[in-house]
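Structural characterization, general
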Amino acid sequence: MIKLFRLAIIIVFLPACHKDTNVVRTVKEEMLAAVNALRQTGCTCGNTFMPPVKPLQWNDTLAKAAQAHARDMDANNYFSHISPGGTSPIQRTMALGYAGNYVTENIARGYAELGPVMTAWEISEDHCKAMMDSLQTELGAGNINTYWVQEFGSRR
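Residues numbered from 1 in each chain as written. Predicted model: local features only at pLDDT ≥ 70, side-chain atom pairs only at ≥ 80, totals over all residues. Heavy atoms only, no water.

1. Considerations on the sheet that holds strand β4 (residues 102-109)
Read across the open sheet, the four strands follow the order β3-β5-β6-β4; overall the sheet is mixed. Across the chains shown, the open sheet's two edge strands, defined by having one partner strand only, are β3 (57-58) and β4. Sheet topology note: the β4/strand β6 (residues 147-154) ladder contains eight bridges and is antiparallel. Within β6, the position partnered with Val103 by the bridge is Gly153. Running at roughly 30° to strand β5 (residues 138-144), helix α3 (residues 60-76) makes contact with β3, β4, β5 and β6 of the sheet. The strands touched by helix α6 (residues 125-132) are β4 and β6; relative to β4, the strand with the most contacts, the crossing angle is about 135°. (Pairing = 2+ DSSP bridges. Helix = DSSP H or I, 4+ residues; strand = E, 2+ residues; numbered from the N terminus. Contact = heavy atoms within 4.5 Å. Axes fitted to C-alpha atoms, helices over the stretch in contact; angles between N-to-C directions.)

This is the structure we're talking about:
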C-alpha cells in the first residue's frame, strides 16, 4: 500500500517538475533604456560619428512582431530578416496592424543576456546605425532563448 501511495505521489508531482526549455525575457524597459542611452550620448558606428538623437517610444505592435519573429526563428532553426514564408519585417509589422511606413530590424542570436547583444549591435556598423537612425521614432523588441529582435518604426 505504501509503494502504491508513493507511486501516486510521483505521478501527481512529476508533471510539475517538467521545465519549459524556452527562455523568454521581458525586455521592454531594459531594451528601451539601453537604446535610448546610446541615442542620448551618440556614438561612432564603424567610421561614422552618429550625433545624439531623440529617444524612442515603445510600441507594443512592433514588440509583438519582434517577439513573433524571434519565436519563429527559434522554432524553425533559421536566422534571417526574411522568414521561410518570405515575409519581410515591414510585412510582419503591417500584418499585426502597425500603421508606420518605415521599419528597420536588428536580429541577433547566441546571446543569453541583453548587455552582450547590445554590445554586438553597437560594434556592427549597420546595426549601430539602425539604433541611431534619427528617422526612427518607435521601438519594439522581443527575445526567446538566444534569439533577439529589435523592430524600429516611424509613422512619418
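2. With respect to the state of the cysteines
Tallied over the full model, the rule gives one disulfide. Paired through a disulfide, Cys45 and Cys128 show a sulfur-sulfur distance of 2.0 Å. Handedness here is read from the sign of the S-S torsion; for Cys45 and Cys128, about -60°, the answer is left-handed. Here Cys45, found in strand β1 (residues 43-45), pairs with Cys128, found in helix α6; they are 83 residues apart in sequence, far enough to count as distant. For Cys45, a relative accessible area of 0% puts it in the buried group. Distance from the sulfur of Cys43, which forms no disulfide, to the nearest cysteine sulfur (Cys128) is 3.5 Å. (Disulfide = S-S within 2.5 Å. Buried < 20%, exposed > 50% of the residue type's maximum accessible area, 1.4 Å probe, protein only.)

Any functional reading would require information beyond the geometric quantities listed.
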